[in-house]
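# Inside the fold
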Amino acid sequence: MTFLENIKQKNQFPIIFIGSGITKRYFKNAPDWQTLLLNIWEEVDTQDSFYKENYKLRKEYVKDTFKINTELASILSNKYNYAFYDQRVKLNNLSLRDAYENNIDPFKQSEVRPKSETLLGLTSKSLGYMISIDHLVS
């Protein structure tokens, strides 16, 4: 039995893990990595602080945009988690107590959904979850 036949027979929804390259290719108006980081950053801090961190990292890593973006994601993860514990960011189905007692990283529990719902003809009705790998970098 093939993968798709198995899903159909069991009436299950697939989970798709995607990275920014796939997102940019198949989602209309999808953000690049910097824009995605900035969008989440603005939930917890100012745009100016985002560019200040970018500037510092560019001085350190010159033109290594991968390293700059992974470092920004790590900084963002910390900022997001502090904002969660300060209750400036709320996550459905995750309380402060649960996050603390179960050592759950709030940043990794947050949801990022593309503005367009379609990917290769799939819609939110045909997917169980769609998880951006880039959003999980820490």
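In the nomenclature of an unreviewed UniProt entry, the protein chain is known as SIR2-like domain-containing protein of Lactobacillus crispatus.

### Considerations on the overall build of the protein chain
On a plain count of helices and strands, the protein chain comes out with seven helices and two strands. Each helix and strand of the protein chain, placed in order from N terminus to C terminus, yields the pattern α-β-α-α-α-α-α-α-β. Buried positions account for 30% of the 138 residues belonging to the protein chain. The long-range fraction of contacts in the protein chain, counting pairs at least 24 apart against all pairs at least 6 apart in sequence, stands at 60%. Accessible surface computed for the protein chain: about 9800 Å², of which carbon and sulfur atoms make up 50%.

### Comments concerning the packing of helix α4 (residues 47-61) against helix α5 (residues 65-85)
Between α4 and α5, the least distance of the axes is 10 Å, while the angle of their chain directions is 135°. Classified by the interaxial angle, the pair formed by α4 and α5 is oblique. The handedness of the crossing between α4 and α5 is right-handed. Together, Phe50, Glu53, Asn54, Leu57, Arg58 and Tyr61 of α4 and Lys67, Ile68, Glu71, Leu72 and Ile75 of α5 make up the contact between the two elements. A class-by-class count of the residues in the contact of α4 with α5 yields six nonpolar, one polar and four charged.

### Let's talk about the side chain of Asn54
When you line up the elements, Asn54 lands in helix α4. Setting aside its immediate chain neighbours within four residues, Asn54 contacts Gln34, Ile68 and Leu72.

### Some words on the environment of Asn92
Within the secondary structure, Asn92 is located in the loop between α5 and α6 (96-101). The sequence separation of Asn92 and Gln109 amounts to 17 residues, and the corresponding C-alpha distance is 9.4 Å.

### What to know about the packing of aromatic side chains
Overall, the coordinates contain five aromatic pairs when judged by the stated rule. When the ring of Phe50 is compared with that of Tyr51, the centres are 5.2 Å apart and the planes differ by 85°; the resulting orientation is edge-to-face. On the accessibility criterion, Phe50 (1% relative accessible area) is buried. Given a relative accessible area of 43%, Tyr51 falls into the partly exposed group.

### Re the environment of Glu42
As for its placement among the helices and strands, Glu42 is situated in helix α3 (residues 33-44). Residue classification places Glu42 among the partly exposed residues on the basis of a relative accessible area of 39%. Each C-alpha atom, one on Glu42 and one on Leu76, is 9.9 Å from the other, the two residues being 34 residues apart in sequence.

About the cut-offs
Residues numbered from 1 in each chain as written. Predicted model: local features only at pLDDT ≥ 70, side-chain atom pairs only at ≥ 80, totals over all residues. Heavy atoms only, no water. Helix = DSSP H or I, 4+ residues; strand = E, 2+ residues; numbered from the N terminus. Buried < 20%, exposed > 50% of the residue type's maximum accessible area, 1.4 Å probe, protein only. Contact = heavy atoms within 4.5 Å. Areas by Shrake-Rupley, 256 points an atom, 1.4 Å probe, with all protein chains shown as cover. Axes fitted to C-alpha atoms, helices over the stretch in contact; angles between N-to-C directions. Parallel < 35°, antiparallel > 145°, perpendicular 65-115°, else oblique. Left-handed = near helix turned anticlockwise from the far one by under 90°. Nonpolar A, V, L, I, M, F, W, Y, C, P; charged D, E, K, R; others polar. Phe/Tyr/Trp six-rings, centres within 6.5 Å; stacked < 30°, edge-to-face > 60°.

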